[in-house]
Amino acid sequence: IRAAYTLGGTGSGIARTIDELKTIVDSGLKRSRIHQVLVEECVLGWKEFEYEVMRDARNTCITICNMENIDPMGIHTGESIVVTPSQTLSDEDHQMLRSAAIKIIRALGIEGGCNIQFALKDHEYRVIEVNPRVSRSSALASKATGYPIARVAAKIAAGLYLDEIQNDVTKTTPASFEPTIDYVVVKIPRWPFDKFTTADNRLGTSMKSTGEVMAIGRTIEEALQKAIRSLDIDKDLGYGDWTREQTIDLLRYPTDERLFAVYRALKSGFTIEEIARLTDWDPFFIKKIRLIIDMEEKLQSEGLNKENIRNAKRMGFTDERISNFVKKSRRDVNSYRRKQDIVSTYKMVDTCAAEFEARTPYY
């Protein structure tokens, strides 16, 4: 059930029984500005993808980026962990969704930016929603690619065409040039449950997060670990001590602790297939968390050596986290790393994957 003219999924929900249907419809009708709800096919558990599209008055269209929600349908996009570019999408499915996104923005005659969300299962898709405006996902897409969506949309509104607007990062390519991403971006929502301790932390189709963090890395593991630290919640992947039954509950019913529950489940012997079945996550993302655990175990058993520390840094481990596993001080790890000439580097976000020289990239 989707309530008309509300933001953040207010008044919407998924009904599994007639009683739930009545309750959610009643709530949706009250919250909708025009007292209208849409009742439609449930796509619970399907994969969710988003396409950020731009069009001008000459019908020139580009897709700025595509994003994959690690969390499946049934959880609001604003509540989901999102990765860009999409990781588990076949080229065939990507071309299908990209073509659909361009057809939609042209059919609606939108001039400017547009965010289109799809549900996908077994090569079939449903259009979840079209936001003909700059949304929260647009802000993520803009920052992730270095493509100034709001600025370009404003220039289109003023009457310019995409090939007339200069890309401010490269100073050589026009805004009609599709951005290219040669890195991985992970977004994790920030929930206020540490402040509102009595609030229900179950996640669903209504938004409860009050912010989000974004991290860029060369690997998913690196971007994920950077994003978790950026949340500033004093929790790392090792957080949580639950029984098997509690872990199953946390995997089956999404909360703000699901990511940590996946890690704990892997540590306590759950298989990747079991976790995928309980969470509806793609096994690919669970394997990435498994690789982080494998690296931790390697550090514990083999200690400090050049190969281990280089691989750990590539996966986004901090010196402090490495020191916990090798039983040395953070200072010792730091000085050993520097002696081995393993130092921090800052990669460029230049919108074009180094195809053209960028004049004003950010790092």
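Values in this document were obtained by computation on a predicted structure and should not be read as measured data.

## Some details on the sheet that holds strand β3 (residues 47-55)
Pairing is antiparallel in the open sheet, where 7 strands are placed in the order β7-β6-β3-β4-β5-β8-β9. Unpaired on one side and paired on the other, β7 (124-131) and β9 (211-217) mark the two borders of the sheet. Each adjacent strand pair in this sheet contributes to an overall mean axis angle of 25 degrees, direction not counted. Pairing of strand β5 (residues 82-84) with strand β8 (residues 184-190), which is carried by 3 bridges, proceeds in the antiparallel orientation. By the bridge assignment, T84 is partnered in β8 with V185.

## Some details on empty space enclosed by the protein
For the structure on display, the rule yields 2 cavities of 30 Å³ or more. There is about 50 Å³ of room inside the largest cavity. Around the largest cavity, the lining residues are W46, K47, E48, E68, N69, I70, D71, P72, D280, W281, D282 and F285. Contributions of two or more residues to the lining of the largest cavity are made by β3 and β4 (61-69). Residue composition of the lining of the largest cavity, grouped by class: 5 nonpolar, 1 polar and 6 charged.

## Some details on unusual backbone geometry
For the bond from T84 to P85, the omega torsion is -5 degrees, close enough to zero to count as cis. By the element assignment, P85 lies in the loop between β5 and α2 (91-108). For H123, which is not glycine, the phi dihedral falls at a positive 65 degrees. Here H123 lies in the loop between β6 (112-121) and β7. Owing to a relative accessible area of 53%, H123 belongs among the exposed residues under this scheme.

## Thoughts on the pattern of salt bridges
What the rule picks out here adds up to 23 salt bridges. One salt bridge connects E212 with K187, and the closest N-O pair in it is separated by 3.7 Å. Placement of E212 in strand β9 and of K187 in strand β8 is noted, with a sequence separation of 25 residues between them. In this structure E212 comes out as partly exposed when scored by relative accessible area, which is 30%.

## Quick look at the side chain of S138
Within the secondary structure, S138 sits in helix α3 (residues 136-145). Note on S138: relative accessible area 1%, which makes it buried. Once residues lying within four places of it in the same chain are set aside, the contact partners of S138 are E52, N115, R133 and I149.

## Details of helix α12 (residues 330-339)
Buried within α12 we find V333, N334 and R337. All buried residues of α12 lie within an arc of 100 degrees about the axis, which places them on one face of the element. Residues R331 and K339 are exposed on α12 and point more than 90 degrees away from its buried face. Residues of α12 that are buried in the fold lie against α10 (306-314) and α11 (319-326). Within two residues after α12, D341 carries a phi angle of roughly 60 degrees, on the positive side.

## Notes on the pairing of β9
Every other side chain in a regular strand lies on the same face of the sheet, so the side chains alternate between the two faces. Side-chain alternation along β9 places G211, V213, A215 and G217 on a buried face and E212, M214 and I216 on a face that remains uncovered. Alignment of β8 against β9, held across 7 bridges, turns out to be antiparallel. In the strand pairing of β9, V184 is matched with G217.

## Some remarks on helix α6 (residues 244-252)
Inspection of α6 places T247, L250 and L251 among the buried residues, and these make up the whole buried set. Each buried residue of α6 lies within a common arc of 100 degrees when the element is viewed along its axis, so the set occupies one face. Buried residues belonging to α6 abut α7 (258-267) and α8 (272-279).

## Some remarks on the layout of surface pockets
Approximately 1,300 Å³ is the volume attributed to the largest pocket. R2, G9, S12, I128 and E129 are, among the 47 residues lining the largest pocket, the residues nearest its centre. Ranked by residues supplied to the lining of the largest pocket, first place goes to β7 with 5 residues. Residues belonging to the lining of the largest pocket are distributed by class as follows: 20 nonpolar, 16 polar and 11 charged.

Cut-offs and rules
Residues numbered from 1 in each chain as written. Predicted model: local features only at pLDDT ≥ 70, side-chain atom pairs only at ≥ 80, totals over all residues. Heavy atoms only, no water. Pairing = 2+ DSSP bridges. Helix = DSSP H or I, 4+ residues; strand = E, 2+ residues; numbered from the N terminus. Axes fitted to C-alpha atoms, helices over the stretch in contact; angles between N-to-C directions. 1 Å grid on protein atoms, 1.4 Å probe; cavity = no way out; pocket = protein on both sides within 12 Å on 5 of 7 lines; lining within 4 Å. Points joined across faces, edges and corners; volume = space filled by probe spheres on them. Nonpolar A, V, L, I, M, F, W, Y, C, P; charged D, E, K, R; others polar. Buried < 20%, exposed > 50% of the residue type's maximum accessible area, 1.4 Å probe, protein only. Salt bridge = Lys/Arg side-chain N within 4 Å of Asp/Glu carboxyl O. Contact = heavy atoms within 4.5 Å. Arc of directions from axis to C-beta.

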